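Results of the structural survey
Each chain is listed here by its residues.
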Amino acid sequence: MSTLTTIFSTPPLMVEKYSGDIKTIQEYAESISYHDNQNSYASDNTFVMNDDVFKDLKIFAEECIREYTLNVFNSDHKFAITQSWITKNDFGQTIDIHSHPGSILSGVFYINLPKDSGCIEFNRGKSVFEIQINKDCSNPWMSDRYRVFAETGYLLLFPSNILHSVKMNNVNQTRYSLAFNSFPTIPVGDIDFLTYLY
């Protein structure tokens, strides 16, 4: 019998549930200022996780990043959360497809995610093959898109270069999520392999 072996694969998506207080974070999200960001709103503050209200959540996110790097990079090299901001989606709003340049691992934490307010969709960017054999094929080798229907209080961690978008908010409730980027602390890499950054 033949054996099918995955030769290369995309680094995984990590999903974790936060057990800390969310109410104060929700109140914070409702009270801050935002600017228009095409089809949604983004917080004026792009370093929100430096605020005291996010202290416990930031520790949780850093622990998730450490677990991810141990399992995926096989390394305990420290990553630092760089920028972090809140996105706000009202009825009918979406977030266009994008990636996060200048970052290695990105995350999203759902501050308030009403049902049908817009799931996140990851996109391969380019089909594996140049023709479509079976439009209904959705195994890990062939899928071009992957949707995550998360809930309030969940954190998603994923490679920053993966294209993703947020589908339309179809309810009359505001969707709040916190996004962040992270990067390895300097120095990182290997001198002998000519990958050293300092």
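Residues numbered from 1 in each chain as written. Predicted model: local features only at pLDDT ≥ 70, side-chain atom pairs only at ≥ 80, totals over all residues. Heavy atoms only, no water.

Restricting attention to buried positions, one finds in helix H1 (residues 23-31) the residues Ile25, Tyr28 and Ala29. Along the axis of H1, the buried positions cluster into a sector of 100 degrees, meaning they face one direction only. With respect to the buried face of H1, the exposed residues turned more than 90 degrees away are Lys23, Glu30 and Ser31. Tucked inside the fold, the buried residues of H1 contact strand E2 (34-37), helix H2 (55-73), strand E4 (79-89), strand E6 (105-112) and strand E11 (175-184). (Buried < 20%, exposed > 50% of the residue type's maximum accessible area, 1.4 Å probe, protein only. Helix = DSSP H or I, 4+ residues; strand = E, 2+ residues; numbered from the N terminus. Arc of directions from axis to C-beta. Contact = heavy atoms within 4.5 Å.)

A few words now on H2. Each full turn of the α-helix corresponds to 3.6 residues, which orients residues three or four apart in the same direction. Counted at 1.5 Å a residue, the expected span for H2 with its 19 residues is 27 Å, and the 26 Å between its end C-alpha atoms agrees. Regarding H2, the residues found buried are Leu57, Lys58, Phe60, Ala61, Cys64, Ile65, Tyr68 and Thr69. In the core, the buried residues of H2 are packed alongside strand E1 (14-17), H1, E4, E6, strand E9 (154-159) and E11. (Expected span 1.5 Å × (residues − 1).)

Applying the stated criterion across every chain yields a total of six salt bridges. In this structure, Glu121 engages Arg147 in a salt bridge whose closest nitrogen and oxygen atoms are separated by 2.7 Å. Residue Glu121 is found in strand E7 (residues 120-123), and its partner Arg147 is found in strand E8 (residues 145-148); the two are separated by 26 residues along the sequence. Its relative accessible area of 7% is what places Glu121 among the buried residues. Of the charged contacts in the structure, one is a salt bridge between Asp136 and Lys135, with a shortest N-O distance of 3.2 Å. (Salt bridge = Lys/Arg side-chain N within 4 Å of Asp/Glu carboxyl O.)

This part takes up the pairing of strand E10 (residues 163-166). Pairing of strand E5 (residues 95-98) with E10, which is carried by two bridges, proceeds in the antiparallel orientation. Within the sheet, the bridge partner assigned to Ile95 lies in E10 and is Val166. Here E7 pairs with E10 via four bridges, running antiparallel. Bridged to Phe122 within E10 is His164. (Pairing = 2+ DSSP bridges.)

With that settled, consider the environment of Ile120. With respect to the element layout, Ile120 can be found in strand E7. Looking at Ile120, the relative accessible area reads 4%, which means it is buried. As a C-alpha pair, Ile120 and Arg147 span 27 residues in sequence and 5.8 Å in three-dimensional space. Non-local contacts of Ile120, meaning those with residues more than four positions away in its chain, are made with Val108, Tyr110, Tyr146, Arg147, Val148, Leu156, His164 and Ser165.

Before going further, it helps to spend a moment on the packing of aromatic side chains. Applying the stated criterion across every chain, the model contains seven aromatic pairs. With a centroid separation of 5.1 Å and an interplanar angle of 55 degrees, the aromatic rings of Tyr18 and Phe60 are classed as tilted. On the criterion of sequence distance, the pair formed by Tyr18 in the loop between E1 and H1 and Phe60 in helix H2 is long-range, its members being 42 residues apart. Of the residues examined, Phe60 reaches a relative accessible area of 13% and is grouped as buried. Pairing Phe122 with Phe158 gives two aromatic rings, centres 5.0 Å apart and planes at 70 degrees, and the pair type is edge-to-face. Highlighted residues: Phe122 in strand E7 and Phe158 in strand E9, separated in sequence by 36 residues. Comparing Phe122 with Phe158 shows no difference in burial state: the two are buried. (Phe/Tyr/Trp six-rings, centres within 6.5 Å; stacked < 30°, edge-to-face > 60°.)

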